[in-house]
Each structure stands twice: as structure tokens, then as C-alpha cells.
Amino acid sequence: MVGVAFTLGVLTTTAFVSYQQTEQTEKSEHPRISKAIAAIKDAIDYMEKAPHDFGGHKEAAIKDSKQAIESLKLALAYRAKKDNK
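Sequence order as written defines the numbering, with residues in each chain counted from 1. Reporting in this predicted model follows two pLDDT cut-offs: at least 70 for local features of residues, and 80 or more for side-chain atom pairs to be given and counted; totals over whole chains, interfaces and linings ignore these cut-offs and use all residues. To get the side-chain values, take all heavy atoms of the structure and skip hydrogens and water.

## Quick word on the overall build of the protein
For helices the rule is a DSSP run of H or I covering at least 4 residues; for strands it is a run of E covering at least 2, with both sets numbered from the N terminus onward. Of the regular secondary structure elements, the protein holds 3 helices and 0 strands. In the protein, the succession of α and β elements from N to C terminus is α-α-α. Any residue under 20% of the maximum accessible area for its type is buried, any over 50% is exposed, and the rest in between are partly exposed; the area is computed with a 1.4 Å probe on protein chains only. Within the span of the protein, comprising 85 residues, buried residues form 13% of the whole. Pairs of residues are marked as contacts when any of their non-hydrogen atoms sit within 4.5 Å. Sequence separation of 24 or more characterises 62% of the internal contacts of the protein that already satisfy a separation of 6 or more.

Right, here's the structure in full:
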């Protein structure tokens, strides 16, 4: 039982490390997308801390910005999948 748990742990860790390396590679190959993700995260943080609601657009802007980050990450994941074939 311990051997199975160890093997699963090693496989999970290996897959995670491989994913991180692939993610880093894609970010370095597509620096504009990587910078966009960072800029959007910064904008979300700014909006969340802002004392005003930007004319009633704050909630939607934060939601849409988070969706944009997800879409950009999916784009990088797609490239990573294509590049690793």
C-alpha cells in the first residue's frame, strides 16, 4: 500500500513538474501573453482595492478580466499541447 502511494505521489509530482516546465516554456515563447496576464492580474488587484465602483462597472470588469486570464491560459495550454506532440 505504501509503495502504491509512493508511486502515485511520484507520478503526480512528475506530471506537475512537467506541466510547470511546459507552462514556463510557453510563457517564455509568448512573452506578450505572459505580460498581458500579469497586467490583468495587477488591474484586478487595483480594482478590488479601489474605494469606488468605476461608475458601476467594477464588478463586471473584474469578472471579465478574470475570464480573460483564463482564456489566455487556455491559449498557452493549447500551444503547449501542440508543441509537445
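## Quick notes on the environment of Glu59
Looking at the element boundaries, Glu59 is found in helix H3 (residues 58–83). Given the relative accessible area of 69%, Glu59 is considered exposed.

## Quick word on the confidence of the model for the protein
A residue's pLDDT is the confidence the predictor assigns to it, expressed on a 0 to 100 scale. On average, residues of the protein carry a pLDDT of 82, and 71% of them reach 70 or more. Least confident of the elements in the protein is helix H1 (residues 2–29), whose mean pLDDT is 60; most confident is helix H2 (residues 31–49), at 97.

## Some details on H3
To estimate how far a helix should reach, multiply one less than its number of residues by 1.5 Å. Compared with an ideal rise of 1.5 Å per residue, which puts 26 residues at 38 Å, H3 spans 37 Å between its outermost C-alpha atoms and is within 8% of the ideal. Listed in full, the buried residues belonging to H3 are Lys58, Ile62, Ser65, Ile69, Leu76 and Ala80.

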